[in-house]
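# A closer look at the structure
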Amino acid sequence: AQSVTQLDSQVPVFEEAPVELRCNYSSSVSVYLFWYVQYPNQGLQLLLKYLSGSTLVKGINGFEAEFNKSQTSFHLRKPSVHISDTAEYFCAVSDGTGGFKTIFGAGTRLFVKA
Amino acid sequence: DTAVSQTPKYLVTQMGNDKSIKCEQNLGHDTMYWYKQDSKKFLKIMFSYNNKELIINETVPNRFSPKSPDKAHLNLHINSLELGDSAVYFCASSLYAGREETQYFGPGTRLLVL
């Protein structure tokens, strides 16, 4: 069965510093991986997704993520964060074993401080 | 133009009442979803419809009943509301029911049961 673990529930970081949000997944078959962002009092929106091909995926707002099959990870990175990046970030996986389901991680709260 | 809209945005009600949440998408998508997000931000799929056909039906109390009158609308009716139903309910849509598909989320309906 597919599952997602986000290793950090909260990540505080200073403005203009780099950040990495960690995500590990569990699946015995090929996977599709996603990162979504949820700004306060809003719905989720897609940052980026990995379907196949290059393991480095670039998304919106300067974010990128790297798919590592051997480590079953899909960590999200940004080289320099802004105050406006403060939000909840969700990693998600879909491998078909759950039918059409996408399974979401518990979320990581990124808090960018001035 | 709002892509995925939900009404109402806030819902405060007493235990035992029956309430409905409505969702509409103007993206021309075939597939719609209902998610429940609890107070710890954990996001769980409840139901999904593809072209008005139920394709995901998670282990949810049968007090929750979805209805899709057409592929642009997915409503959620909840009977005999309980305190534990308090949460944010998100509607989402995707172009079709594929595991690689991006989901587009509505702004959420914040339900508080007193």
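The text that follows walks through the structure, step by step, so that each part is easy to find.

Residue and element names in this part refer to chain B. Residues T7 and P8 are joined by a peptide bond in cis, for which omega reads -5°. Note on placement: P8 falls in the loop between β1 (4-7) and β2 (10-13). Despite not being glycine, K41 has its phi angle at roughly 75°, a positive value. Structurally, K41 can be placed in the loop between β4 (31-37) and β5 (43-50). The partly exposed category is assigned to K41, whose relative accessible area is 33%. Phi angles above zero are rare outside glycine, and S80 is one such case at about 45°.

Before going further, it helps to spend a moment on the sheet that holds strand β3 (residues 19-25) of chain B. Residue and element names in this part refer to chain B. With antiparallel pairing, four strands are arranged side by side in an open sheet as β1-β3-β8-β7. Each edge of the open sheet is held by one strand with a lone partner, namely β1 and β7 (64-70). Each strand of the sheet is rotated relative to its neighbour by a mean of 20°, with strand direction disregarded.

Cut-offs applied
Residues numbered from 1 in each chain as written. Chains lettered and ligands numbered in written order. Predicted model: local features only at pLDDT ≥ 70, side-chain atom pairs only at ≥ 80, totals over all residues. Heavy atoms only, no water. Helix = DSSP H or I, 4+ residues; strand = E, 2+ residues; numbered from the N terminus. Buried < 20%, exposed > 50% of the residue type's maximum accessible area, 1.4 Å probe, protein only. Pairing = 2+ DSSP bridges. Axes fitted to C-alpha atoms, helices over the stretch in contact; angles between N-to-C directions.

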